[in-house]
Amino acid sequence: MTANTPSHDDWPQIKTVGLAGILVTFSPVLSEPANRAAIAFRAAVKDQDWTEIEESNSTLVSAFFRIDLAAHRPEPLVERLRDLLGTQNWLDAPLPDGRTLWRVPTLFGTDRAPQLQEAADMAGRSVNEAITDLSTTTMRALTIGFAPGQPYLGTLPDHWEIPRLSQITPRVPAGALVTAVRQFCLFPYDTPTGWRHVGQTGFLSFRPWADEPFVLRAGDEMIFDPVSETEFAKIEASVKDGLGGAQREAIP
């Protein structure tokens, strides 16, 4: 450990964010325990129903609580957050109830997801081995952001620590499954990206016309089941709800 590297004892950290709110961060880098802590702690604070908190969200390793700090002194709120942090080891905390597992039919490779071969080569895998990795790893929604309803999903095995592209792909379509740095993004609409396009789904995580526009919550899980081009074409032709034939089940 270098002199500039925070020690384990330095975390979690509580900081104000201007007058916008308070951020609780569990680690300087992404890890499964830090993400677990961020999701679990945010849920625990929400259960406290503190009137000062207008809304909250969790990021990869942090929980943010939006509070008007011009109207509420931060010190008492920081102390309450610190007291709650001291009630348990949040890195080992159970994830909150009410999470969902989604199984999403996915077409890997072909001209619909043309960067699978390149990604597989970088991961040191054959295309078939890559599809096995990408379709059998249960991926947690680590956080929702960047675009409305868009999940960052993780994490893949170590050999999928592949870099982002050196140049941006100008457009991948809605439902594109892209990968970099052991994660997936699943895009709710057409977008540019610096991640490699390895799979195509019909799953839209943001459906503004629906009663429940945001499909996913941080802590939900996803499995991307491989289907053939013929099966995928049938789903595209027959399924119009924006879920792309995905099946959902409650996580016990």
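Above this note sits the structure.
What counts as what
Residues numbered from 1 in each chain as written. Predicted model: local features only at pLDDT ≥ 70, side-chain atom pairs only at ≥ 80, totals over all residues. Heavy atoms only, no water. Buried < 20%, exposed > 50% of the residue type's maximum accessible area, 1.4 Å probe, protein only. Helix = DSSP H or I, 4+ residues; strand = E, 2+ residues; numbered from the N terminus. Contact = heavy atoms within 4.5 Å. Lys, Arg positive; Asp, Glu negative; His and termini not counted. Salt bridge = Lys/Arg side-chain N within 4 Å of Asp/Glu carboxyl O. Expected span 1.5 Å × (residues − 1). Arc of directions from axis to C-beta. Pairing = 2+ DSSP bridges. Axes fitted to C-alpha atoms, helices over the stretch in contact; angles between N-to-C directions. Parallel < 35°, antiparallel > 145°, perpendicular 65-115°, else oblique. Left-handed = near helix turned anticlockwise from the far one by under 90°. Phe/Tyr/Trp six-rings, centres within 6.5 Å; stacked < 30°, edge-to-face > 60°. Lys NZ or Arg CZ within 6 Å of the ring centre and 35° of its normal.

(A) Geometry of helix 4 (residues 127-136). Taken together, the buried positions of helix 4 are occupied by A130, I131, D133, L134 and S135. In this structure, the buried side of helix 4 is in contact with strand 5 (100-108), helix 3 (116-123), strand 10 (183-186), strand 12 (196-200) and strand 13 (221-226).

(B) Representation of the side chain of R207. Within the fold, R207 resides in the loop between strand 12 and strand 13. Here R207 is buried and forms no salt bridge, its nearest opposite-charge partner D241 lying at an N-O distance of 5.2 Å.

(C) A look at the environment of D190. Tracing the sequence through the fold places D190 in the loop between strand 10 and strand 11 (191-193). Spatially, the C-alpha atoms of D190 and P170 are 9.6 Å apart, while their sequence positions differ by 20 residues. Each residue touching D190, except ones within four places of it in the same chain, is listed here: R171, V172, P173 and A174.

(D) Structural view of helix 2 (residues 74-85). For helix 2, which comprises 12 residues, the first-to-last C-alpha distance of 16 Å matches the rise-based estimate of 16 Å (1.5 Å per residue) to within 8%. Among the residues of helix 2, those classed as buried are L77, V78, L81, L84 and L85. One face of helix 2 carries all of its buried residues, which in axial projection span an arc of 120°. Close packing links the buried residues of helix 2 with strand 1 (13-17), strand 2 (21-25), helix 1 (32-48) and strand 4 (62-66).

(E) Here's a closer look at the pairing of strand 5. Taking burial as the measure, the nine residues of strand 5 include eight buried ones, the bulk of the element. Across four bridges, the pairing between strand 5 and strand 14 (residues 247-250) is antiparallel. Bridge assignment links W102 to a residue of strand 14, and that residue is R248. Where strand 5 meets strand 13, six bridges bridge the pair, whose relative direction is parallel. Across the sheet, V104 pairs through a bridge with F224, a residue of strand 13. With two bridges joining them, strand 5 and strand 12 adopt antiparallel strand pairing.

(F) Spotlight on the packing of helix 1 against helix 2. Between helix 1 and helix 2, the least distance of the axes is 11 Å, while the angle of their chain directions is 120°. The angle between helix 1 and helix 2 falls in the class oblique. As for how helix 1 packs across helix 2, the hand of that crossing is right-handed. Residues F41, A44, V45 and Q48 of helix 1 lie in contact with helix 2, whose contacting residues are L81, L84 and L85.

(G) Representation of the sheet that holds strand 4 within the structure. Strands sit in the order 1-2-4-3 across an open sheet of four strands; the sheet is antiparallel. Strands at the two margins of the open sheet, each flanked by one partner only, are strand 1 and strand 3 (55-58). Averaged over all pairs of adjacent strands, the angle between strand axes in this sheet comes to 15°, irrespective of strand direction. With five bridges joining them, strand 1 and strand 2 adopt antiparallel strand pairing. Paired with T16 across the strands is I22, a residue of strand 2. Taken strand by strand, helix 2 contacts strand 1, strand 2 and strand 4, and its axis lies near 25° from that of strand 2.

(H) Quick look at unusual backbone geometry. That bond from W11 to P12 is cis: its omega, 0°, falls within 30 degrees of zero. In this structure, T155 follows G154 across a cis peptide bond, with omega equal to -5°. Inspection of the secondary structure assignment puts T155 in the loop between strand 7 (151-154) and strand 8 (169-172). We note that F146 has phi near 75°; this positive angle belongs to a residue other than glycine. Examined against the element boundaries, F146 turns out to sit in the loop between strand 6 (139-144) and strand 7.

(I) Local environment of the packing of helix 3 against helix 4. Contact pair helix 3 / helix 4: the axes reach a minimum separation of 9 Å and the direction vectors enclose 90°. Relative to helix 4, the element helix 3 lies roughly perpendicular. In contact with L116, Q117 and A120 of helix 3, helix 4 contributes V127, A130, I131 and L134.

(J) Expanded view of the packing of aromatic side chains. Summed over the entire model, instances satisfying the criterion amount to seven aromatic pairs. Measuring from centroid to centroid gives 5.3 Å for W102 and F203, while their planes differ by 70°, and the two rings are edge-to-face. Here the residue W102 occupies a position in strand 5, and F203 occupies one in the loop between strand 12 and strand 13, the gap between them amounting to 101 residues. A relative accessible area of 1% means that W102 is categorised as buried. The class of F203 is buried, set by a relative accessible area of 0%. A network of ring pairs unites the aromatic residues F26, F41, F65 and W90 as a single cluster. Looking at R80, its charged tip hangs above the ring of W50, at a distance of 4.6 Å from the centre.

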